[in-house]
Amino acid sequence: MFSMAGRREAQRVAKRKPQGKRVDFRRNRLRPARQKHWHVSSEEPEAHIEDAATWETVRHKGALSRKRTIVERAEEPPSADRSQLMRGTAIAVRGQYVEVDSGEKMWLCTVRRVLRTRLIRERHPVVAGDEVLFTPVAESTLNEGVIEEVLPRRTALHRSDGRRHHVIAANVDQVIVVSSIREPLIKEHLIDRYLVAVHAGGPEGIICINKADLDHEARIPEILERYLRIGYRALATSTATGQGIEELRSILAGKTTMLAGQSGVGKSSLINAVQPGLNLKTAHVSVATDKGRHTTTTAAWYRLDMGGAVIDTPGIRALDVAMIPLNELEMHFVEFLDKIPHCKFPNCVHIHEDGCAVKAAVEAGTIDPSRYESYVDMFVERSEQG
């Protein structure tokens, strides 16, 4: 039992007001409010004093006025007993709802408001592939729940839309960067952008060139060799002829894999070829523009019969790598890594410096010129972004 003095002390602590501290405004609150002009007027002569007759403007006073006071409180207790929570995998995010696979059934879940607020900087607090803990809604006759927690991500693939960064998918073991040799025409520099984003996110990157039946100029072997030589796995596929489908199936088995690439390259068609029962929606490439149509509108996670899972993603025609710090870009070109220590200057950016080991390797043919051009393009782009 507590003593009387102990109880009083406990009551005193419980009533103690939490301390406030000054923190930055959110980004959309940094601009000061519209200026207000106040002045004093009166018909009485004595009211027209010198100070009151002039306009008085209220302005912010510097960094301090760009702060707000918040009260730090103890972490909000979980809305449910943790032992009663169920675990599942987010398979798709559709508006405010998340489809969750618990392994036994599918659940349609909302996200607890405190979790959404805590992760306000994210485009959405949950993405396909996330492992989540959720509470079933007891009074619902449907499989409905509320997501209480997103478990730490092992890996994540990020992209930038020029204004903010967001996660495309999480907890994947490997990302297959899919491109088509034609319809739409292959973009080799876009493959390099994807590989940089994948390397930064943690999964293994694999290159797949689809529609090999349209390779009338026999370019695919040369392109694949470029990546095989520096340690990437790479393959050619065709859903029309079946080329490479068994190899793709063996790569997918037992792994969680994300397929990424621009619209129309055949990501959904490849998944259908590996597991026909999924019947994912596909569409033909526009003849007028040679660009794919968006048939996949959100990243979606599918369980594979042979073990593992695959995440199909919407097509991305351009990929901004603004989420990668400028001074770290070189690290994501794997063929640069053993050359960088031999550069003359420790802060070499491998573009204009003398004594650059990377440039020397390009001239000697040990680094592919096309890959080096991709690095220069990305470096210049990131430099301009600041």
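First, a word on scope: everything that follows refers to the structure included in this document. Keep in mind it's a predicted model, so treat the numbers as computed, not measured.

1. Considering the nonpolar core
Ranked by size, the top nonpolar core spans 57 residues in total, and within it Ile207, Ile209, Met258, Ile311, Tyr372 and Tyr375 carry the most contacts. Top element by residues in this core is helix α3 (residues 188–201). It accounts for 7 residues. For Tyr375, the residues in contact, after removing those within four places along its chain, are Leu329, Glu330, Phe333, Phe336, Val349, His350 and Ile351.

2. Description of the pattern of salt bridges
What the rule picks out here adds up to 17 salt bridges. Residue Glu381 is joined to Arg193 by a salt bridge in which the shortest nitrogen-to-oxygen separation is 2.7 Å. On the criterion of sequence distance, the pair formed by Glu381 in helix α8 (residues 369–385) and Arg193 in helix α3 is long-range, its members being 188 residues apart. Overlapping salt bridges, with partners in common, bring together Glu188, Arg219, Arg226, Arg229 and Asp368 in one network.

3. Digging into α8
For α8, which comprises 17 residues, the first-to-last C-alpha distance of 24 Å matches the rise-based estimate of 24 Å (1.5 Å per residue) to within 8%. Of the positions making up α8, those classed as buried are Ser370, Arg371, Tyr372, Ser374, Tyr375, Val376, Met378, Phe379 and Arg382. Residues of α8 that are buried sit in contact with α3, α4 (220–228) and α7 (357–364). Put simply, Asp368 is the residue that caps the front of α8, since its side-chain oxygen is 2.8 Å from the backbone nitrogen of Ser370.

4. Focus: unusual backbone geometry
Following Glu183, the chain continues into Pro184 via a peptide bond in cis, with omega recorded as 0 degrees. Examined against the element boundaries, Pro184 turns out to sit in the loop between β12 (174–180) and α3. The phi torsion at Asn279 lies on the positive side, around 50 degrees, for a residue other than glycine. With respect to the secondary-structure elements, Asn279 resides in the loop between α6 (267–274) and β16 (300–303).

5. A closer look at the side chain of Ser179
On the secondary structure map, Ser179 appears in strand β12. Residues in contact with Ser179, not counting those within four places in the same chain, are Ile186, Lys187, Ile191, Cys208, Ile209, Asn210 and Val265.

6. Some details on the environment of Arg233
Positionally, Arg233 belongs in strand β14 (residues 233–236). Here the alpha-carbon distance between Arg233 and Ile206, two residues 27 residues apart in the chain, equals 5.1 Å. Each residue touching Arg233, except ones within four places of it in the same chain, is listed here: Gln174, Glu204, Gly205, Ile206, Ile207, Leu228 and Ile251. Separated by 3.0 Å, the side chains of Arg233 and Glu204 make a polar contact.

7. Quick notes on the pairing of strand β7 (residues 106–111)
Successive residues of a regular strand alternate their side chains across the two faces of the sheet. Burial of β7 is one-sided: the residues Trp107, Cys109 and Val111 facing one way are buried, the residues Met106, Leu108 and Thr110 facing the other way are not. The pairing of strand β6 (residues 97–101) with β7 spans 4 bridges and is antiparallel. Bridging from a neighbouring strand, Val98 pairs with Cys109 of β7. Hairpin geometry of β6 and β7 is characterised by an intervening segment of 4 residues between the two adjacent antiparallel strands and by a positive phi of about 100 degrees at Gly103. Sheet topology places β7 next to strand β9 (residues 144–150); 4 bridges connect them, and they run parallel. Bridge assignment links Cys109 to a residue of β9, and that residue is Gly145.

8. Some remarks on the packing of aromatic side chains
What the rule picks out here adds up to 7 aromatic pairs. Between Trp107 and Phe134, the ring centres sit 5.3 Å apart and the planes meet at 55 degrees, which makes this aromatic pair tilted. Placement of Trp107 in strand β7 and of Phe134 in strand β8 (residues 131–136) is noted, with a sequence separation of 27 residues between them. Residue classification places Trp107 among the buried positions, given a relative accessible area of 10%. The exposure class assigned to Phe134 is buried, which follows from its relative accessible area of 0%.

Definitions and limits used
Residues numbered from 1 in each chain as written. Predicted model: local features only at pLDDT ≥ 70, side-chain atom pairs only at ≥ 80, totals over all residues. Heavy atoms only, no water. Core = buried A, V, L, I, M, F, W, Y, C linked by side-chain atoms within 4.5 Å. Buried < 20%, exposed > 50% of the residue type's maximum accessible area, 1.4 Å probe, protein only. Helix = DSSP H or I, 4+ residues; strand = E, 2+ residues; numbered from the N terminus. Contact = heavy atoms within 4.5 Å. Salt bridge = Lys/Arg side-chain N within 4 Å of Asp/Glu carboxyl O. Expected span 1.5 Å × (residues − 1). Polar contact = N/O pair within 3.5 Å; in protein donor to acceptor, adjacent residues only side chain to side chain. Pairing = 2+ DSSP bridges. Phe/Tyr/Trp six-rings, centres within 6.5 Å; stacked < 30°, edge-to-face > 60°.

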